[in-house]
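Here is how the chains run, residue by residue.
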Amino acid sequence: MTVFDPGLQPERTDLAWRRTALAVGVGSLVSMRLLPAVLGDAAWALCGVAGVLFSVWLWSMAQRRYREIDRRLHVQGDHAALPGAGPLLVLAVVVGAAGILALGVIAVGWSA
């Protein structure tokens, strides 16, 4: 008898990570287009490039994590030793840092 419902939770989690990576990628592409025009320096496009690279990393981590969870649940039947939330921590730190950077840019813009 299997404890987990095969085919539901791991796939939903993988789809959520894909949506997150896609949202980060699209936001980064938009920032590559808008930040240099608004802030006046082409170096701001590097933020968009970094975001696109980060979204590719997120997508690959989501795929790797899904494959590992699927292998552990279906092949090994090991429910206790699932992968941790490392990518979630990295995502939270990067988004938090981007928010602080954005607040800094706004504060400098208001004071100028």
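These figures come from a predicted structure and were not determined experimentally. (Residues numbered from 1 in each chain as written. Predicted model: local features only at pLDDT ≥ 70, side-chain atom pairs only at ≥ 80, totals over all residues. Heavy atoms only, no water.)

**As for the overall build of the protein chain**
Right, so step 1: Tallying secondary structure elements over the protein chain gives 3 helices and 0 strands in all.
Right, so step 2: The linear arrangement of helices and strands in the protein chain, starting from the amino end, is α-α-α.
Right, so step 3: Here the protein chain holds 112 residues, and 21% of them are scored as buried.
Right, so step 4: Across the protein chain, every contact between residues at least 6 apart in sequence was considered, and the portion connecting residues at least 24 apart equals 65%.
Right, so step 5: When the accessible area of the protein chain is evaluated, it comes to approximately 7600 Å², of which 72% is carbon and sulfur surface. (Helix = DSSP H or I, 4+ residues; strand = E, 2+ residues; numbered from the N terminus. Buried < 20%, exposed > 50% of the residue type's maximum accessible area, 1.4 Å probe, protein only. Contact = heavy atoms within 4.5 Å. Areas by Shrake-Rupley, 256 points an atom, 1.4 Å probe, with all protein chains shown as cover.)

**A short note on the pattern of salt bridges**
Right, so step 1: Across all of its chains, the model carries 1 salt bridge by this definition.
Right, so step 2: Asp 14 serves as the salt-bridge partner of Arg 18, at 3.4 Å between the closest nitrogen and oxygen. Note that Arg 18 and Asp 14 are positioned in helix α1 (residues 9-39) at a spacing of 4 residues, about one turn of the helix.
Right, so step 3: Overall, Asp 14 belongs to the buried group, its relative accessible area being 7%. (Salt bridge = Lys/Arg side-chain N within 4 Å of Asp/Glu carboxyl O.)

**Here's the deal with the confidence of the model for the protein chain**
Right, so step 1: On average, residues of the protein chain score 82 in pLDDT, and 85% of them are at 70 or above.
Right, so step 2: Model confidence for the protein chain, summarised as mean pLDDT per element, is weakest for helix α3 (residues 86-111) at 85 and strongest for α1 at 88. (pLDDT = per-residue confidence, 0-100.)

**Describing the environment of Val 94**
Right, so step 1: Relative to the helices and strands, Val 94 resides in helix α3.
Right, so step 2: For the pair Val 94 and Gly 51, spaced 43 residues apart in sequence, the C-alpha to C-alpha distance is 9.3 Å.

**Comments concerning the packing of aromatic side chains**
Right, so step 1: Taken as a whole and assessed by the stated rule, the structure comprises 1 aromatic pair.
Right, so step 2: Pairing Phe 54 with Trp 57 gives two aromatic rings, centres 5.7 Å apart and planes at 20°, and the pair type is stacked. Remark: Trp 57 and Phe 54 occur in helix α2 (residues 45-76); sequence separation between them is 3 residues, near one turn of the helix.
Right, so step 3: Owing to a relative accessible area of 31%, Trp 57 belongs among the partly exposed residues under this scheme. (Phe/Tyr/Trp six-rings, centres within 6.5 Å; stacked < 30°, edge-to-face > 60°.)

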